[in-house]
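Given next are the chains, with one letter for each unit.
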Amino acid sequence: WSARTPRIVYASISGFGQQGPYRDRPGLDQVAQGMGGLMSVTGPPGSGPWRAGIAISDTASGTFLTQGVLAALLARERSGRGQWVHTSLLESMVNFMDFQATRWLIDGEVPPQAGNDHPTIFPMGTFETRDGHINIAAMMGWKRFLRAIDAAEIEEDPRFVDHRSRLANRAALQAAIEEKLRARNSSEWVVILNDADLPCGPVYAMDEVFADPQVEYLKLSQTVEHATDGPVALLRHPVTFSETPTRIAAAAPVPGTQSREILEQCGYDKAEIDALETAGAVAMQRKGSDW
């Protein structure tokens, strides 16, 4: 492809990388979650591996590849040449392990499961209230937090005198905090704790997410017309550009409808495209069919 179109930027995602002993293995998100270490740190302590509720390595690899393509396009402006940019589910998943990976690389510590608590800071996590649960970063203002929940006795308890003590007595401190929090509903605590300048928020189901006033204000979805499905609501790009606003121009095309156009732009003639289609190397939408 580079001989035919030297300025082309070609992008690929694989399961495990373009080279190495696993290069030919099939891959998918849950396999990458397991091999990248995510399932070993997700879920309640001692409960065995848990997958994350989204296809996180798929999203991570797509995001990294997009960044790579943008960088390659910038490089092309300087060199005049395109290049092959590639990543994999495994590479992206390991990179997304972030500070958990660093705990092993720098400190030689194998991170355990921590459930809904922050792995290294406490109290910071999910707490039970009268009508549900709430996420609270209490350590962002420990004394303000205790005043907000009216828990002077916790501050005076020698088991919780400093950060090391609070880490060592997680279960007891969690119980003491939740005893206080069960006095009110989650929505009440969100107001009280935000007034105390403490990061906190409810734990939503998906329908509640899109009913939240802030999510509604941000207009995180956009309705567009799909060729076969009619109006569909899609997630918008979550970055705002002050000078060049983004929008979703159209729904995703029906698979195969743009294959010929793309190949023509890459320099293939009709006979070559027909040969690729005959060989099954590219997908073309056929009249009266879904593909």
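Everything discussed here concerns the structure shown above.
Quantities reported herein were computed from a predicted structural model and do not represent experimental measurements.

**A look at the overall build of the protein**
Across its full length, the protein carries 14 helices and seven strands. Once the C-alpha set of the protein is aligned to its principal axes, its extents read approximately 80 × 45 × 40 Å. Across the 291 residues in the protein, those meeting the buried criterion constitute 30%. Looking at the protein as shown, the accessible area adds up to about 18,600 Å², and 56% of this sits on carbon and sulfur atoms. The averaged location of the 36 negative side-chain charges in the protein is 5 Å from the averaged location of its 27 positive side-chain charges.

**Remarks on the nonpolar core**
Residues Ile136, Phe145, Ile154 and Leu193 are the most contacted members of the largest nonpolar core, which totals 21 residues. Of all elements in the fold, only β4 (133-137), α6 (142-148), α9 (170-181) and α10 (186-195) reach the threshold of two or more residues within this core. The element that contributes the greatest number of residues to this core is α9, accounting for four residues. In contact with Phe145, not counting residues within four places along its chain, are Ile136, Ala138, Ile177, Leu193 and Leu198.

**Quick word on the pattern of salt bridges**
Using the criterion set out here, one finds 15 salt bridges in the structure. Across the pair Glu155 and Lys143 runs a salt bridge whose closest N-O atoms are separated by 2.6 Å. Of this pair, Glu155 sits in helix α7 (residues 152-156) while Lys143 is found in helix α6, placing the two residues twelve residues apart along the sequence. Glu155 gets classed as partly exposed once you look at its relative accessible area, which sits at 36%. You can call Lys143 partly exposed: its relative accessible area is 49%. One network of salt bridges, in which partners are shared, links Arg260, Lys270, Asp274 and Glu277.

**A short note on the sheet that holds strand β5 (residues 200-202)**
With antiparallel pairing, the three strands of this open sheet are ordered in space as β3-β4-β5. Edge positions in the sheet fall to β3 (124-128) and β5, since each has one partner strand and no second. Taken pair by pair, the neighbouring strands of this sheet meet at an average axis angle of 20°, ignoring direction. Here three bridges tie β4 to β5, and the two strands are oriented antiparallel to one another. Of the residues in β5, the one forming a bridge with Ile134 is Pro202.

**Overview of helix α4 (residues 89-96)**
Within α4, the full set of buried residues consists of Leu89, Leu90, Ser92 and Met93. With its buried residues spanning 165° around the axis, α4 presents them on a single face. Residues of α4 that are buried in the fold lie against β1 (10-14), α1 (29-35), α2 (38-41), α3 (56-79) and β2 (84-88). Phi for Asp98, located one or two positions after α4, is positive at around 50°.

**Let's talk about α3**
Given a rise of 1.5 Å per residue, 24 residues ought to cover 34 Å, and the 34 Å separating the end C-alpha atoms of α3 matches this to within 8%. Buried within α3 we find Ile56, Ser57, Ala60, Ser61, Leu65, Gly68, Ala72 and Arg76. As for α3, its buried residues are in contact with β1, α1, α2, β2 and α4. Residue Gly80 follows α3 closely and has a positive phi angle near 85°.

**Things to note about unusual backbone geometry**
Cis peptide bonds are those with omega within 30 degrees of zero, and the linkage from Phe122 to Pro123 qualifies with 5°. If you trace the backbone, Pro123 turns up in the loop between α5 (98-107) and β3. Backbone geometry places Asp197, a non-glycine residue, at a positive phi of 60°. Of note, Asp197 is situated in the loop between α10 and β5. On the basis of relative accessibility, which here comes to 59%, the residue Asp197 falls in the exposed class. We note that Lys219 has phi near 50°; this positive angle belongs to a residue other than glycine. Mapped onto the elements, Lys219 comes out in the loop between α12 (213-218) and β6 (221-226). A residue is classified by how much of its surface remains accessible, and Lys219, at 60% relative accessible area, is exposed.

**Remarks on a nonpolar patch on the surface**
A cluster of nonpolar side chains, Tyr22, Leu28, Val31 and Met35, forms an exposed patch at the surface whose accessible area comes to about 340 Å². Within the secondary structure, Leu28 is located in the loop between β1 and α1.

What counts as what
Residues numbered from 1 in each chain as written. Predicted model: local features only at pLDDT ≥ 70, side-chain atom pairs only at ≥ 80, totals over all residues. Heavy atoms only, no water. Helix = DSSP H or I, 4+ residues; strand = E, 2+ residues; numbered from the N terminus. Buried < 20%, exposed > 50% of the residue type's maximum accessible area, 1.4 Å probe, protein only. Areas by Shrake-Rupley, 256 points an atom, 1.4 Å probe, with all protein chains shown as cover. Lys, Arg positive; Asp, Glu negative; His and termini not counted. Charge placed at Lys NZ, Arg CZ, Asp CG, Glu CD. Core = buried A, V, L, I, M, F, W, Y, C linked by side-chain atoms within 4.5 Å. Contact = heavy atoms within 4.5 Å. Salt bridge = Lys/Arg side-chain N within 4 Å of Asp/Glu carboxyl O. Pairing = 2+ DSSP bridges. Axes fitted to C-alpha atoms, helices over the stretch in contact; angles between N-to-C directions. Arc of directions from axis to C-beta. Expected span 1.5 Å × (residues − 1). Patch = residues over 30% accessible without salt bridge, like charges linked within 9 Å, V, L, I, M, F, W, Y side chains within 5 Å.

Remember that the coordinates give geometry; whether it matters functionally is a separate question.
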